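Chain by chain, the residues:
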Amino acid sequence: MKSHEKDIVSVIKDQIENFGASATMTDVGTVVEVGDGVARMQGLRKAKNNELLSFPGGIMGLALNLEEDTVAAVVLGDYSHIKEGDEVRCTGRVVEVPVGPELIGRVVNTLGEPIDGLGPIKTSKRREVEVIAPNVVSRQPVNKPVHTGIKCVDALVPIGRGQRELIIGDRSIGKSAIAIDTIISQKGGDLICIYVAIGQKTAKVANVIDILRKYGAMDYTIVVAANSSDPAAMQYLAPYAGCAMGEEFMAQGKDALIIYDDLSKHAWAYRQISLILRRPPGREAYPGDVFYLHSRLLERAARLSADLGGGSLTALPIIEVQAGDMSAYIPTNVISITDGQIYVETDLFNAGIRPALNIGLSVSRVGGNAQSKAMRQVAGKLKIEMAQFDELAAFAQFGASDLDKATRAQLERGQRMREILKQPQFAPLTLEQEVMILWAVTNGFLDDVPVDKVAAFESAFYKFMANNHPAVGQSIATEKAIIPEIEAELKKAVAEFKQSSAY
């Protein structure tokens, strides 16, 4: 066969093989500048905000600045391999993460990739990390409690399913401890937990994972880690990725709890990205849309209506303040977005009150609606008496000897209440234990117990009730209220315990 005949045959074969193949158009650009995790490209005329861009070597970027001549994107990964002149392509996709029950018990990075060395995660479902929050019509009232196992939280600042309750305070005074105890408390329950670590030291995140494993909490928990060594872009996307994972459970009609530890570092990462992208800085050098950064995240926490399955996503964001200054930019922003705050105070922590909850500044805007009737029955009296005690204690320090008998008695009871509200870490209590001890202290059964013996009394009381009167606790757990029969049994049991025990 002559050579030109061979050419004709190969052309015909090629046409047959490619018959019906459609041509595709891809928007292509060129890198003109790269550094500090940000790349600038020319071209990419059809790029959209928050679209994923493909760099050479399988590295992805997120388009954030669409300018007249250039597109600026943050690189999701190692940007050191990207150089000037590299080709960049639009993908037409936004950032997505794998979701579903397969992630439970795993530690993943911002993109949902496993980082725990336990092999790949076999899930086919994915969700976009940025979605619009459910509207008012899609929601129902928050009236089902999230049991934290922490007496002062469950009694004084109750958290409901679908609520957003801020944990705020200085560094290293027990903010994360409250969140971790809440996760541990869900053992045996129906709440799926997601812990998002943003900008934390790798050692601290590893320690949290060890604690969760030790107490069996990883059986119902997903950990999303964007550590301090990870790029700012990964820290910025981490809470949205964790939220998408939680929304999948909410959409299935299940209840989920998500902890953002912490949103101060999240705001720092976003400020870093914004300044590198040359966005104009505002107050405290944060960009103008830093409020929207957190509002669009926290508004996604909701309790869906019965028509949509009745699932819920409860958010516990954590904010770190400097020297107790709650009036700084990010704290005031997040306080205004959330449904209340748990304020942890340095002075109380240093005085040995753990958790160091400031009862006067802590508030839950859902209140008693997020409590069972039993807890409401004991918490109402506790709130009033603790508020009166704080006021009297401040007044009494000027002249304790001049106080009348009734005021002294009130101060004495207040001291015992404060002792009862102390609680060691990693020791969450059941609802019935909380109700029984708070009922005992508010009804004066501890008035004759020395203050330094209150902790021993409490510990021995739980054991006594479990061994000698298990029906009382079971009745409280079943009825979710202190009915007259239970109250009579409680009175009899407490009197019996005080006679038989030296605690």
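It should be emphasised that the depicted structure is a prediction, and the values quoted were computed from it without experimental measurement. (Residues numbered from 1 in each chain as written. Predicted model: local features only at pLDDT ≥ 70, side-chain atom pairs only at ≥ 80, totals over all residues. Heavy atoms only, no water.)

A. Summary view of the side chain of glutamine 163. Among the structural elements, glutamine 163 can be located in the loop between α2 (151–156) and β10 (166–169). Residue glutamine 163 is classed as buried on the basis of its relative accessible area, which comes to 0%. Engagement of the side chain of glutamine 163 in a polar contact is seen with the side chain of glutamate 165, the distance being 2.9 Å. Apart from the residues lying within four places of it in its own chain, the contact partners of glutamine 163 are Val142, Pro158, Ala301, Leu313, Thr314, Ala315, Asp339, Ser364, Arg365 and Val366. (Helix = DSSP H or I, 4+ residues; strand = E, 2+ residues; numbered from the N terminus. Buried < 20%, exposed > 50% of the residue type's maximum accessible area, 1.4 Å probe, protein only. Polar contact = N/O pair within 3.5 Å; in protein donor to acceptor, adjacent residues only side chain to side chain. Contact = heavy atoms within 4.5 Å.)

B. Region of interest: unusual backbone geometry. Of note, the bond from aspartate 261 into aspartate 262 is cis; its omega dihedral lies within 30 degrees of zero at -5 degrees. Here aspartate 262 is to be found in the loop between β13 (255–261) and α6 (263–276). Arginine 354 connects to proline 355 through a cis peptide bond whose omega is -5 degrees. On the secondary structure map, proline 355 appears in the loop between α9 (346–350) and β17 (363–364). The phi torsion at aspartate 36 lies on the positive side, around 55 degrees, for a residue other than glycine. On the secondary structure map, aspartate 36 appears in the loop between β1 (28–35) and β2 (38–43). According to the relative accessible area criterion, aspartate 36 is exposed, its value standing at 58%. Phi at leucine 44 takes a positive value of approximately 50 degrees, unusual for a residue other than glycine. Mapped onto the elements, leucine 44 comes out in the loop between β2 and β3 (51–54).

C. How the structure looks around the side chain of aspartate 27. Within the fold, aspartate 27 resides in the loop between α1 (3–17) and β1. As a buried residue without a salt bridge, aspartate 27 has its nearest oppositely charged side chain in arginine 45, at a separation of 6.6 Å. A polar side-chain atom of aspartate 27 sits 3.0 Å from the main-chain amide nitrogen of arginine 45. (Lys, Arg positive; Asp, Glu negative; His and termini not counted. Salt bridge = Lys/Arg side-chain N within 4 Å of Asp/Glu carboxyl O.)

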